[in-house]
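# Breakdown of the fold
Single-letter residue listing:
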Amino acid sequence: MIQAGTDPRAPMASSPRTIFHVDMDAFFASVEIRDDPSLQGKPVLVGGVGRRGVVAAASYEARKFGCHSAQPMAVALRHCPQAVVLPSRFSAYTEASEQAFEVFGRFSPLVEALSIDEAFMEMTGTERLLGPPRQAAEALRAAVYERTRLTCSVGIASVKFISKIASAFNKPDGVTEVAPGQELEFLGPLPIGKLWGVGPKTEARLRERGVHYVGDLRTLTADELRRKFGEHGLHLYRLAHARDDRAIVPGQGRKQVSHEDTYGDDVVGPQALRRKLLSQATRVADRLTTKGIRGRRVQLKIRDTEFRTETRQCTLDSPTSEAKRIYDAACALLGEVDLDRRRFRLTGVSVGGLVFEDEPHQLDLLATVEPPPEHKGEKLQDVLSEVRRKFGHQALYPAEAGSHERAGSAGGFTKTVELDERPTDDG
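To start, this report covers the structure provided alongside it.

Rules used throughout
Residues numbered from 1 in each chain as written. Predicted model: local features only at pLDDT ≥ 70, side-chain atom pairs only at ≥ 80, totals over all residues. Heavy atoms only, no water. Helix = DSSP H or I, 4+ residues; strand = E, 2+ residues; numbered from the N terminus. Buried < 20%, exposed > 50% of the residue type's maximum accessible area, 1.4 Å probe, protein only. Contact = heavy atoms within 4.5 Å. Areas by Shrake-Rupley, 256 points an atom, 1.4 Å probe, with all protein chains shown as cover. Pairing = 2+ DSSP bridges. Axes fitted to C-alpha atoms, helices over the stretch in contact; angles between N-to-C directions. Polar contact = N/O pair within 3.5 Å; in protein donor to acceptor, adjacent residues only side chain to side chain. Expected span 1.5 Å × (residues − 1). Salt bridge = Lys/Arg side-chain N within 4 Å of Asp/Glu carboxyl O.

## Quick look at the overall build of the protein chain
Looking only at helices and strands, the protein chain has 15 helices and 13 strands in total. Buried residues in the protein chain amount to 50% of all 427 residues. Counting contacts in the protein chain only where the partners sit at least 6 residues apart, residues at least 24 apart contribute 70% of the total. Looking at the protein chain as shown, the accessible area adds up to about 21000 Å², and 52% of this sits on carbon and sulfur atoms.

## Quick notes on the sheet that holds strand β5 (residues 111-115)
Overall, mixed pairing links the five strands, which are arranged β5-β6-β1-β7-β8 in an open sheet. The open sheet has two free edges, formed respectively by β5 and β8 (175-177), since each of these has just one partner strand. Strand after strand, the sheet turns through a mean of 15° between neighbouring axes, direction not considered. Packing of helix α6 (residues 133-148) onto the sheet brings it into contact with β1 (19-24), β6 (118-122), β7 (152-157) and β8, and relative to β7 it is tilted by some 160°.

## A look at the environment of Glu112
Locating Glu112 in the fold gives a position in strand β5. The exposure class assigned to Glu112 is buried, which follows from its relative accessible area of 11%. For the pair Glu112 and His21, spaced 91 residues apart in sequence, the C-alpha to C-alpha distance is 9.5 Å. Sequence-distant contacts of Glu112, that is, excluding residues within four places in its chain, are made with Ala119, Phe120, Lys160, Ala247, Ile248 and Val249. Polar side-chain contacts of Glu112 include one of 2.8 Å to the side chain of Lys160.

## So, helix α4 (residues 90-107)
Here α4 spans 26 Å end to end across 18 residues, near enough to the 26 Å set by a 1.5 Å rise per residue. Among the residues of α4, those classed as buried are Phe90, Ala92, Tyr93, Thr94, Ala96, Ser97, Gln99, Ala100, Phe101, Val103, Phe104 and Phe107.

## Focus on the pattern of salt bridges
Any two side chains of opposite charge can pair if their charged atoms end up close together. Using the criterion set out here, one finds 26 salt bridges in the structure. Between Glu98 and Lys291 there is a salt bridge, and its shortest N-O distance comes to 2.2 Å. In this pair, Glu98 is assigned in helix α4 and Lys291 in helix α13 (residues 270-291), connecting sequence segments 193 residues apart. Here Glu98 falls in the partly exposed class, since its relative accessible area comes to 39%. On the basis of relative accessible area, Lys291 is assigned to the partly exposed category, the value being 26%. One salt-bridge network, in which partners are shared between bridges, spans Asp304, Arg308, Glu310, Arg312, Glu336 and Arg342.

## Here we look at the environment of Ala83
One can find Ala83 in the loop between α3 (73-79) and β4 (84-86). Separated by 41 residues in sequence, Ala83 and Lys42 place their C-alpha atoms 7.2 Å apart. Once you skip the residues sitting within four places of it in the chain, Ala83 turns out to touch Pro43, Leu45 and Leu77.

## Description of unusual backbone geometry
Geometrically, the link from Lys171 to Pro172 is a cis peptide bond, its omega value of -5° lying close to zero. Tracing the chain through its elements places Pro172 in the loop between α7 (160-167) and β8. Phi angles above zero are rare outside glycine, and Asp173 is one such case at about 60°. Mapped onto the secondary structure, Asp173 falls in the loop between α7 and β8. Asp173 sits in the partly exposed class, given a relative accessible area of 38%. Phi angles above zero are rare outside glycine, and Ala242 is one such case at about 65°. Among the secondary structure elements, Ala242 is positioned in the loop between α12 (231-240) and β9 (256-267).

So far we have only geometry, and geometry alone does not tell us how the molecule works.
What follows is the structure in structure tokens.
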């Protein structure tokens, strides 16, 4: 068996770090149960209730029946017909997330958000202030509960990916610590699919070589894995030997702001699709404006009834939070998609390449004093977004989007994402 430290390409070992992975427990469902105590102890499913509804989150009571996130709602209800099904309330989840992350920030200045409900925390060197890692984790869990009335689970390890695996071991409301020196022992008996980057195809190829557990992978040399899987093989080799030198990178959680809908009825034709995109661009612009963010990369996501998913993206000349510019870009991207004889079940619009209003930026010394036209459009966007924030999404809603294109009208599953490219609720 190849032991850690035998690969000359690996970096020299340094003092062990302390990294937390914090994961809120069944986050969306837990928020619903917190806000409606009558749901306590009942199987709860959050997501779309239409013909093509998808489970966004399942309470632990529902999971006992085989329900889980990303499952078709119809399948979940066959497993658990007595489940309480609730539509998603992303404003409530976002508020709870912000409260939890505020608590994370009290314990460490280095917090890297992975999604709306989970984060890595650099805890190295906090022992004098917070005590040993497990004691600090218990204090963190208590502080999160006091602030949010929600539970979380914590994984503790010297490297990032092991802390993430560990956080799932004692859910809900638990702590799992992998002490320095115990990493290989912890990883060895885990199914090979637990390693990051091992999907079904890679897992099948590894099983052909007799690799069923992470410990089995350590019987293969780095060169063998590289010959079979290329650079990805070296990645797997490093993980199997508990090597993960990545640093905690604060502020990387919010990669894009997006809104997508899975529709109860197929959408056909460019006019109907553009109407959907206008609704989604408006929702994204409202979120950008509320958060004081602009973006310069617009992406279109579209999926037909054959489950063929396509994405297109473009980069704007300057960052924006204006719905019209986002919508125009999305429509231009739609023009690159073959729509002929196709029916669509999902569309989404996202804006990435984000910049915050308080971030410094280079001024054009040759620019005129008159603000550029796009800034005038954003001033109007500020007003429209504020009106909708105060009076609801229907206020001053674009007439071109159609009277039925309101929040929650998709008949399937609607999601708005701020912290990452997609929400997760695996906890």
